[in-house]
Amino acid sequence: MKTDRAIDTVGALKERIKELDCLYQISDIAHQPDLELREILSRVIGIIPAAMQFPELSSVRLSIDEINLSTRANAGGEISIQADVVLNYLNRGRIEAFYSKPQQGKVPAFLPEEERLLSSIAKQVSLVLERAGIEETNSRLQEQLRHADRLATIGQLAAGIAHEINEPLATILGYAQLIAEEEELPDQVAKDVKKITSATLHAREVIKKLMLFSRQVPPNKVALDLNKILSEGFYFLESRCERQGIRVVRQLEPDLPPITADPSQIHQIMVNLAVNAMQAMPEGGVITLSTRKVNDHIEMGISDTGIGMNKEVLSKIFIPFFTTKDIDQGTGLGLSVVHGIVTSHNGRIEVQSEPGKGTSFLIFFEVDND
Ligand code: ADP
Ligand code: MG
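Predicted, not measured: the structure shown is a model, and the values here were computed from it.

What about the packing of helix 4 (residues 187-213) against helix 9 (residues 334-344)?
Between helix 4 and helix 9, whose axes approach to 7 Å, the crossing angle comes to 40 degrees. Taken as axis vectors, helix 4 and helix 9 run oblique relative to one another. For the pair helix 4 and helix 9, the contacting residues are Lys209, Leu212 and Phe213 in the first and Ser336, Val337, Gly340 and Ile341 in the second. In terms of residue class, the contact of helix 4 with helix 9 is built from four nonpolar, two polar and one charged.

Have a look at this one:
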């Protein structure tokens, strides 16, 4: 006849084996490639009830960041234990296990071993989160690289085309001007020549923008006060804003250190971003111009409360000639130029946009250290 104690030991051993089995299965799931984070977490909590002393009474709930999962539709119960999921000292969420009331008798209590098991599982889950974070950063970096690479290729192509076209354009313009100087031109011819001239000038503008984008125009850098550009430079756009019912708000940090930059190119950035902002707010709104020093960088922000962009548009905005506007509204070169200028200043651009809410562009420059 077995003693009570022996039964206890066998019982405890069985429980221990269940726990180890559970941890083993979890680590197996956690290391499966190609599983989405949500799927991993959902499988992980699916395993837990079986490791409890009373599987049929137990349910498990997990909530981490925006992910909420449970093993039953109405997981919960009268008695629960829980373990926090902590990653890099940040509490990201928790796992809870519940016992519900059995048909007969009392709700059982959880054992200290079960609490320990839950904390071990929570630690495994935080490792899963860590790995998911690293993978996401990796794929974002790769996407950025691909984007940069594509832009560089387009840039080279654009530079080549710009160069080839610039010469014949100069020739067309030169001869058109010679004809225009002719005396006693028939009226119609004079008008036609004028059209040729203005079309050629327009083409030359486009080429100039392309060259700016592909960084064929080296910046002429000086110590520059961004606040001054944003306040004085924007002055010319203000009356247009007013007519369109747009309020301009300035949040310029006083005593901003200078950056090393080409004034006319920085002015160009501001104009391009501001024009886009205005075009995004045909019914009026607010443009906010901001500057700020953060660590060793200076931020220049231009944001609007306009139509915003969806992800699809957002992923293409720096590509030359990409535009969602009518032909007389846009050439699709504004942001390509902005990108080219920012890159040639060793800067960086961030964009945030939400359809119907607005868009904000942030540009980071290095602080002038000399
Ligand atoms: P363009 O203004 O000539 O179309 P850009 O290169 O300046 O070319 O902009 C490309 C596209 O990016 C625009 O056609 C528009 O769809 C989108 N975009 C840029 N800025 C904004 C903004 N502030 N709000 C909404 N959409 C914008
Ligand atoms: Mg534009």
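Considerations on the sheet that holds strand 6 (residues 246-252)
Taken together, the five strands give an open sheet; going across it, the order is 6-8-9-11-10, and neighbouring strands pair in mixed fashion. Strand pairing shows two members of the sheet lacking a second neighbour, strand 6 and strand 10 (348-354), which therefore form its edges. On average, each strand axis in the sheet is tilted by 10 degrees relative to the strand beside it, whichever way the strands run. Pairing of strand 10 with strand 11 (residues 358-366), which is carried by seven bridges, proceeds in the antiparallel orientation. Bridge pairing in strand 11 places Glu354 opposite Gly358.

Things to note about the pairing of strand 8 (residues 285-294)
As defined by bridge partners, strand 6 adjoins strand 8 across seven bridges and the pair is classed as parallel. Looking at strand 8, one finds that Arg250 is bridged to Leu289.

What to know about the site of ligand 1
Near ligand 1 you find 19 residues, and of these Asp304, Thr323, Thr324, Lys325 and Leu335 are the closest. Within the side chain of Thr323, one N or O atom sits 2.6 Å away from an oxygen atom of ligand 1. With respect to ligand 1, the side chain of Thr324 contributes an N or O atom lying 2.4 Å from an oxygen atom. For ligand 1, the protein covers 95% of the area, taking 530 Å² as the surface of the free molecule. Classifying every residue of the shell around ligand 1 gives eight nonpolar, nine polar and two charged.

A look at the pattern of salt bridges
Under the defined criterion, the tally for this structure stands at 10 salt bridges. Between Glu312 and Lys316 there is a salt bridge, and its shortest N-O distance comes to 2.5 Å. Here Lys357 and Glu354 are joined by a salt bridge, their closest N and O atoms 3.3 Å apart.

Overview of helix 4
The first and last C-alpha atoms of helix 4 sit 39 Å apart over 27 residues, in line with the 39 Å expected at 1.5 Å per residue. The set of residues buried in helix 4 consists of Val193, Thr197, Thr200, Val206, Ile207, Leu210, Met211, Leu212 and Phe213.

Procedures and definitions
- Residues numbered from 1 in each chain as written.
- Chains lettered and ligands numbered in written order.
- Predicted model: local features only at pLDDT ≥ 70, side-chain atom pairs only at ≥ 80, totals over all residues.
- Heavy atoms only, no water.
- Axes fitted to C-alpha atoms, helices over the stretch in contact; angles between N-to-C directions.
- Helix = DSSP H or I, 4+ residues; strand = E, 2+ residues; numbered from the N terminus.
- Parallel < 35°, antiparallel > 145°, perpendicular 65-115°, else oblique.
- Contact = heavy atoms within 4.5 Å.
- Nonpolar A, V, L, I, M, F, W, Y, C, P; charged D, E, K, R; others polar.
- Pairing = 2+ DSSP bridges.
- Near = heavy atom within 4 Å.
- Polar contact = N/O pair within 3.5 Å; in protein donor to acceptor, adjacent residues only side chain to side chain.
- Areas by Shrake-Rupley, 256 points an atom, 1.4 Å probe, with all protein chains shown as cover.
- Salt bridge = Lys/Arg side-chain N within 4 Å of Asp/Glu carboxyl O.
- Expected span 1.5 Å × (residues − 1).
- Buried < 20%, exposed > 50% of the residue type's maximum accessible area, 1.4 Å probe, protein only.

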